[in-house]
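Now for the letters of each chain:
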Amino acid sequence: MRTRRRFQQTLSLQDRLASFAREASDSASKLPPGPDREALLKKARQATTAAQLDGWIAGSDQQQLPREVSSLVPPRSQR
């Protein structure tokens, strides 16, 4: 049986997503207008949104989350 390669992340998910969003945005700013640039900008927006959602989930009560998100998050006792 193969063993899984495991490693500990040195940066939090929020930090990694923010870094990816910055890099994607910087790369997109160097491209001419077109589908490639729009795709990178879309990925940057998605990463920013994911980082915000992670922050809400990690640091907030479920009642403070937007309704769409709170239905996806298990209660604290199950995390």
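Model, not experiment: these values are computed from the prediction. (Residues numbered from 1 in each chain as written. Predicted model: local features only at pLDDT ≥ 70, side-chain atom pairs only at ≥ 80, totals over all residues. Heavy atoms only, no water.)

(A) Spatial organisation of the overall build of the protein chain. Scanning the protein chain from N- to C-terminus turns up 3 helices and 0 strands. Secondary structure of the protein chain in N-to-C order comes out as α-α-α. For the protein chain, buried positions account for 14% of its 79 residues. Sequence-distant contacts in the protein chain: of pairs separated by 6 or more residues, those separated by 24 or more amount to 26%. When the accessible surface of the protein chain is totalled, it reaches about 6,800 Å², and 52% of it is carbon and sulfur. (Helix = DSSP H or I, 4+ residues; strand = E, 2+ residues; numbered from the N terminus. Buried < 20%, exposed > 50% of the residue type's maximum accessible area, 1.4 Å probe, protein only. Contact = heavy atoms within 4.5 Å. Areas by Shrake-Rupley, 256 points an atom, 1.4 Å probe, with all protein chains shown as cover.)

(B) View of the packing of helix H1 (residues 13-29) against helix H2 (residues 35-59). H2 packs onto H1 with a crossing angle of 160° between their chain directions and a minimal axis gap of 8 Å. Considering their axes alone, H1 and H2 lie roughly antiparallel with respect to each other. By crossing handedness, the relation of H1 to H2 is classed as left-handed. Contacts between H1 and H2 involve Leu13, Gln14, Leu17, Phe20, Ala21, Ala24, Ser25, Ser27, Ala28 and Ser29 from the first element and Arg37, Leu40, Leu41, Lys43, Ala44, Ala47, Thr48, Ala50, Ala51, Asp54 and Gly55 from the second. For the contact of H1 with H2, the class distribution of residues is 12 nonpolar, 6 polar and 3 charged. (Axes fitted to C-alpha atoms, helices over the stretch in contact; angles between N-to-C directions. Parallel < 35°, antiparallel > 145°, perpendicular 65-115°, else oblique. Left-handed = near helix turned anticlockwise from the far one by under 90°. Nonpolar A, V, L, I, M, F, W, Y, C, P; charged D, E, K, R; others polar.)

(C) The arrangement of the environment of Ser19 in detail. Relative to the helices and strands, Ser19 resides in helix H1. The spatial distance from the C-alpha of Ser19 to the C-alpha of Ala47 is 9.0 Å, given a sequence separation of 28 residues.

(D) Representation of H2 within the structure. With 25 residues, H2 should cover 36 Å at 1.5 Å per step; its first-to-last C-alpha distance of 36 Å lies within 8% of that length. Within H2 the residues assigned to the buried category are Ala44, Ala47 and Ala51. (Expected span 1.5 Å × (residues − 1).)

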